[in-house]
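Now for the letters of each chain:
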Amino acid sequence: MGSRDDYTSKEAKLINQAKRELANGMDKDPVEKLRLMCYAKGAKGILGLARAFRNMDRNGDKLMHEKEFIDGIKQAGLPLNEDESKYMFRRFDENNNGSIHMDEFLSKLRPTINKGRFDLIERAFQKMDRSGDGMITAEDLKNVYTVKYHPKYLSGELTEKEILGRFLEHFDTSCGIHDGKVSKEDFLNYYATISASIDSDAYFDLIMRQSYKL
């Protein structure tokens, strides 16, 4: 697994730019404002919000009602008070039927990525998901990533389980959801935000190929 050092500085730039735009006081479209709030939390921002909303969806119908939306915003740690969250919910509820479809909402929120970048993200996910069940787990990683040459494994500093766990921790969020599993949606939400911080297709291609040995 490649190190995140290649894009840490670019992620920091995205965070700082989002914070500046949020602070400029200009009126913003609700989707753009929420996206900037997620960017201000870094690569895990949209991922964290998506996981929080999924956690709120108790009956699995992928429909969010106002209370679920407000609770999801709170759990994701975004700086909106209840009145602002209610206003935003009403703006997103285009049919005025009291609910928002989660997948449609997140597809609007997630940064647009071109087909070449999308294909790279999908190939990386498929390589990691050895069991083909739509989830990456530590068991999957054992089959694609050997730790025996890892310097911290050789030194005895970290066990195999700890090294594999560190990969999965990239996708843990600040909203208390740490299940040791990474869904395809999680993977896409994470790398779509990384993609937004990288202008060059060639550089994004290089990072993905190096990180996942594609």
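Residues numbered from 1 in each chain as written. Predicted model: local features only at pLDDT ≥ 70, side-chain atom pairs only at ≥ 80, totals over all residues. Heavy atoms only, no water.

Colleague: Which parts of the structure should I look at to understand the overall build of the protein?
Modeller: Scanning the protein for helices and strands turns up twelve helices and four strands. The globule rule puts the C-alpha radius of gyration for 214 residues at 17 Å, and the 18 Å found for the protein is close to it. Projected onto the principal axes, the alpha-carbon positions of the protein cover approximately 55 × 40 × 35 Å. Counting over 214 residues, the protein shows a buried share of 43%. At a minimum sequence separation of 6, the contacts of the protein that also span at least 24 residues come to 65%. Here the protein displays about 11400 Å² of accessible surface, and carbon together with sulfur accounts for 48% of that area. One way to put it: in the protein the 35 positive side-chain charges average out to a point 4 Å from where the 36 negative ones average out. (Helix = DSSP H or I, 4+ residues; strand = E, 2+ residues; numbered from the N terminus. Rg over C-alpha atoms; globule rule 2.2 N^0.38 Å. Buried < 20%, exposed > 50% of the residue type's maximum accessible area, 1.4 Å probe, protein only. Contact = heavy atoms within 4.5 Å. Areas by Shrake-Rupley, 256 points an atom, 1.4 Å probe, with all protein chains shown as cover. Lys, Arg positive; Asp, Glu negative; His and termini not counted. Charge placed at Lys NZ, Arg CZ, Asp CG, Glu CD.)

Colleague: How should I be thinking about the packing of aromatic side chains in this particular structure?
Modeller: Evaluated as defined, the whole model comprises eleven aromatic pairs. With a centroid separation of 5.6 Å and 65° between ring planes, the pair formed by F53 and F105 is classed as edge-to-face. Pair noted here: F53 is in helix 3 (residues 45–56) and F105 is in helix 6 (residues 102–109), with a separation of 52 residues, a long-range link. Put simply, the rings of F53, F69, F89, F92 and F105 touch in pairs and so form one group of aromatic residues. (Phe/Tyr/Trp six-rings, centres within 6.5 Å; stacked < 30°, edge-to-face > 60°.)

Colleague: Please explain the domain arrangement of the protein as it appears in this structure.
Modeller: Put simply, an interface is often sized by how much accessible area is lost when its parts join up. For the protein, the assigned domains are domain 1 (3–107) and domain 2 (113–210). For domain 1 and domain 2, the distance between their C-alpha centroids amounts to 22 Å. Contacts between the two partners involve 23 residues from domain 1 and, on the opposite side, 25 residues from domain 2. Summing both partners gives a buried area of about 2100 Å² for domain 1 against domain 2, and 58% of it is carried by carbon and sulfur. Linking domain 1 with domain 2 are three salt bridges. With a closest N to O distance of 3.0 Å, D186 and R51 form a salt bridge. For the interface between domain 1 and domain 2, the tally reads four residue pairs in polar contact (both at pLDDT 80 or more). For the side of domain 1 that touches domain 2, the elements supplying multiple residues, two or more each, are helix 1 (5–23), helix 3 and helix 6. In terms of residue class, the side of domain 1 that touches domain 2 is made up of ten nonpolar, four polar and nine charged. (Domains from an automatic or database assignment. Buried area = accessible area lost by both parts, 1.4 Å probe. Salt bridge = Lys/Arg side-chain N within 4 Å of Asp/Glu carboxyl O. Polar contact = N/O pair within 3.5 Å; in protein donor to acceptor, adjacent residues only side chain to side chain. Nonpolar A, V, L, I, M, F, W, Y, C, P; charged D, E, K, R; others polar.)

Colleague: Looking at this structure, how should I read the environment of K67?
Modeller: If you trace the backbone, K67 turns up in helix 4 (residues 66–75). Residues K67 and S85, 18 residues apart in the sequence, show an inter-C-alpha distance of 9.5 Å. A polar contact of 2.7 Å, which involves the side chain of K67, links it to the side chain of D71.

Colleague: Is there a simple way to explain the nonpolar core in this structure?
Modeller: What tends to happen in soluble globular proteins is that the nonpolar side chains get buried as a cluster. Ranked by size, the top nonpolar core spans 29 residues in total, and within it I121, I136, F167, F171, F187, Y191 and Y212 carry the most contacts. At six residues, helix 11 (residues 184–196) tops the list of elements feeding residues into this core. Leave out the neighbours within four places in its chain, and F171 touches L47, R51, V182, D186, F187, Y190, Y191 and Y212. (Core = buried A, V, L, I, M, F, W, Y, C linked by side-chain atoms within 4.5 Å.)

Colleague: Is there a simple way to explain the UniProt feature "domain: EF-hand" (unreviewed entry) in the protein in this structure?
Modeller: UniProt's feature table lists "domain: EF-hand" (unreviewed entry) at residues 44–79, 80–115 and 116–151, given in the numbering used throughout. Secondary structure within residues 44–79 divides into 61% helix and 6% strand; the distance between the first and last C-alpha atoms comes to 15 Å. Summarising residues 80–115: 56% helix, 6% strand, and an end-to-end C-alpha distance of 33 Å. (UniProt positions renumbered as here; feature names shortened; annotations may be inferred.)

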